[in-house]
Amino acid sequence: MRPARALINLQALRHNYQLARRMCADKALAVVKADAYGHGAVACAQALHDIADGFAVSCLEEALELRAAGVTLPIVLLEGFFQADELRQIVAHNLWCVVHSDWQLEALERAELAQPLTVWLKMDSGMHRVGFFPHEYQGIWQRLQASANVASVVLITHFSRADEPDSARTHEQFQAFSKASEGMSAPISVCNSPALLAWPDIRSDWSRPGIILYGSQPVAIQGLSREKFQPVMTLQSKIIALRELPAGEPVGYGAQFIASQPVRVGIVAIGYADGYPRHAPTGTPVAVDGCLTQLLGRVSMDMLAVDLTGLSHAGVGSSVELWGDQVSIDEVAARAGTISYQLLCNVKRVRYEYSTI
Ligand SMILES: *Cc1c(COP(=O)(O)O)cnc(C)c1O
């Protein structure tokens with residue numbers, strides 16, 4: 001069997017949720033959209049079921065997967081519905097639903113529902129993706145109050161630059177949100193992971209941590225080192241071949257790495273078809289049998305090369321960690337010019353192994 005696998009540490013997930021929960025003033029929705037950022041939404045939701053306040057996913061299909069697996073906690077659909085006929089199932093499965101656009105509001109007002117719905121009313125406070133503008137918000141709120149299809153409302157907005165501690169944008173957005181929602185007596189939901197880390201003065205009734213649950217830190221914050229978020233996924237494989245090459249020899253496609261001195265090369269059974277980033281350059285950290293070393297040359301579809309010079313104990317069968325406890329996924333992402341979110345969501349083809357809790 002091919003040795004590439006993703007080990008999912010569900011204890012770490014629980015630890016991270018509890019840590020995030022302590023940073024929130026109030027409740028926290030565990031964001032498990034996109035198959036829990038590539039970790040397996042059902043397994044993650046089940047592992048958090050006795051401690052989470054609720055979950056957030058992007059769409060009805062993702063929510064139905066959780067309901068089918070026995071998840072009974074609140075689930076928010078972060079983009080609401082895409083077609084009006086989804087409303088029937090949203091009500092039937094007791095899901096909470098974002099409303100971000102006029103067409104959704106109109107469909108909701110027109111629908112004949114068995115029960116009224118909990119609506120998460122989205123404001124565009126400056127991200128400029130979806131949501132109602134601050135100047136429209138009061139009017140939309142009035143229409144929701146007047147609709148027999150609406151049971152209760154939560155006020156939600158999303159930050160565009162919360163991972164930049166030096167940017168004024170987060171406070172500007174929060175101010176716009178607070179001002180436009182003055183006088184509405186409803187819970188608010190504003191903080192994603194970077195906001196929880198970088199903006200401790202901004203708190204809301206429902207926080208929405210995602211990436212920190214999986215152990216990546218989107219902002220480097222001093223003082224957070226003692227009780228750190230723990231990596232949940234370890235991406236691993238094994239060395240399947242060795243090469244001793246003299247100076248001047250290239251490794252891999254395009255000869256992107258050329259040995260400047262004799263080099264001992266290990267070939268690892270993992271590649272970009274498994275979700276390891278093809279843009280990770282020579283020098284990207286990997287760990288072989290617990291020792292840090294580096295990637296060499298271009299990543300191929302099914303294999304990549306690592307430097308074993310000086311690691312005389314390592315050989316065929318040695319275990320290789322691409323990211324996890326030893327190799328920070330945030331560092332791999334930075335080297336590859338992307339973010340941990342994308343790396344985690346892209347993992348595929350590998351075997352998933354879950355720790356018991
Ligand atoms: C994905 C998402 C989140 C979670 O973001 P993280 O940066 O992973 O914490 C929160 N809110 C909304 C609306 C989202 O789409």
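Residues numbered from 1 in each chain as written. Predicted model: local features only at pLDDT ≥ 70, side-chain atom pairs only at ≥ 80, totals over all residues. Heavy atoms only, no water.

What's the story with the side chain of T284 in this structure? I'm lost.
Within the secondary structure layout, T284 lies in the loop between β13 (263-268) and β14 (285-288). A relative accessible area of 0% places T284 in the buried class. Side-chain polar atoms of T284 contact the backbone oxygen of P281, separated by 2.7 Å. Not counting chain neighbours up to four residues away, the residues in contact with T284 comprise Y276, T293, Q294, L295, V332 and R335. (Helix = DSSP H or I, 4+ residues; strand = E, 2+ residues; numbered from the N terminus. Buried < 20%, exposed > 50% of the residue type's maximum accessible area, 1.4 Å probe, protein only. Polar contact = N/O pair within 3.5 Å; in protein donor to acceptor, adjacent residues only side chain to side chain. Contact = heavy atoms within 4.5 Å.)

Mind showing me how you'd approach the domain arrangement of the chain here?
Interface extent is often summarised as the accessible area lost during association of the parts. When its domains are assigned, the chain resolves into domain 1 (25-208) and domain 2 (233-355). Contacts between the two partners involve seven residues from domain 1 and, on the opposite side, six residues from domain 2. The junction of domain 1 with domain 2 conceals about 580 Å² of combined surface from both sides, 67% of it contributed by carbon and sulfur atoms. Looking only at domain 1, the three residues that lose the most surface to domain 2 are Y37, G38 and H39, adding up to 75% of its buried area. (Domains from an automatic or database assignment. Buried area = accessible area lost by both parts, 1.4 Å probe.)

Help me out: how do you make sense of the environment of V327 in this one?
Structurally, the position occupied by V327 is in the loop between β17 (319-323) and α10 (329-335). When the C-alpha atoms of V327 and E136 are compared, they prove to be 47 Å apart, with 191 residues separating the residues in sequence.

In this structure, what is going on with the pattern of salt bridges? I would like to understand it.
Pairing between side chains of opposite charge can happen when their charged atoms approach one another. Scanning the entire structure with this criterion turns up 12 salt bridges. With its nearest N and O atoms 2.7 Å apart, the salt bridge here joins D50 to R14. Pair noted here: D50 is in the loop between α3 (41-48) and β3 (54-57) and R14 is in helix α1 (residues 10-23), with a separation of 36 residues, a long-range link. R349 is the partner of D274 in a salt bridge, and the nearest nitrogen-oxygen pair spans 2.9 Å. Taken together, the positions of D274 in the loop between β13 and β14 and R349 in the loop between α11 (340-346) and β18 (351-354) put the pair 75 residues apart, joining distant regions of the chain. On the basis of relative accessibility, which here comes to 0%, the residue D274 falls in the buried class. When its relative accessible area of 46% is taken as the criterion, R349 is described as partly exposed. The network of salt bridges with shared partners includes R2, D274, D302 and R349. (Salt bridge = Lys/Arg side-chain N within 4 Å of Asp/Glu carboxyl O.)

Explain unusual backbone geometry to me, please; I cannot follow it from the model alone.
Glycine aside, a negative phi is what most residues show, and trans is what most peptide bonds show. A positive phi is found at A34, a non-glycine position, where the angle reads about 50°. Tracing the backbone shows A34 in helix α2 (residues 33-38). Phi is positive for A36, which is not a glycine, with a value near 55°. In this structure, A36 sits in helix α2.

Mind showing me how you'd approach the state of the cysteines here?
Working definition of a disulfide: a covalent bond connecting the sulfur atoms of two cysteines. For the coordinates displayed, the defined rule picks out zero disulfides. Free cysteine C345: the closest other cysteine sulfur is in C44, separated by 12 Å. Residue classification places C345 among the partly exposed positions, given a relative accessible area of 39%. (Disulfide = S-S within 2.5 Å.)

Please clarify how the packing of α1 against α3 should be interpreted in this entry.
Geometrically, a packed helix pair is captured by the angle between its two axes and the distance between the axes. Two elements in contact, α1 and α3, have axes whose closest approach is 10 Å; the angle formed by their N-to-C orientations is 60°. With respect to their mutual orientation, α1 and α3 come out oblique. The way α1 lies across α3 gives a crossing that is right-handed. Residue-level contacts link L10, L13, R14 and Y17 of α1 to A43, C44, A47 and L48 of α3. Among the residues making up the contact of α1 with α3, the classes are represented as seven nonpolar, no polar and one charged. (Axes fitted to C-alpha atoms, helices over the stretch in contact; angles between N-to-C directions. Parallel < 35°, antiparallel > 145°, perpendicular 65-115°, else oblique. Left-handed = near helix turned anticlockwise from the far one by under 90°. Nonpolar A, V, L, I, M, F, W, Y, C, P; charged D, E, K, R; others polar.)

In this structure, what is going on with the site of the ligand? I would like to understand it.
Around the ligand sit 14 residues in total, of which K33, Y37, S193, I211 and Y341 are the nearest. Measuring from a nitrogen atom of the ligand, one finds a side-chain N or O atom of H158 at 3.5 Å. Residue S193 places a side-chain N or O atom 2.5 Å away from an oxygen atom belonging to the ligand. A total of 390 Å² of accessible area belongs to the ligand in isolation, and the protein chains cover 91% of it. Cavity membership is defined here by more than half of the atoms lying within 2 Å of grid points; on that basis the ligand lies in the largest pocket. Residues belonging to the shell around the ligand are distributed by class as follows: seven nonpolar, four polar and three charged. (Near = heavy atom within 4 Å. Areas by Shrake-Rupley, 256 points an atom, 1.4 Å probe, with all protein chains shown as cover. 1 Å grid on protein atoms, 1.4 Å probe; cavity = no way out; pocket = protein on both sides within 12 Å on 5 of 7 lines; lining within 4 Å. Sits in = over half its atoms within 2 Å of the grid points.)

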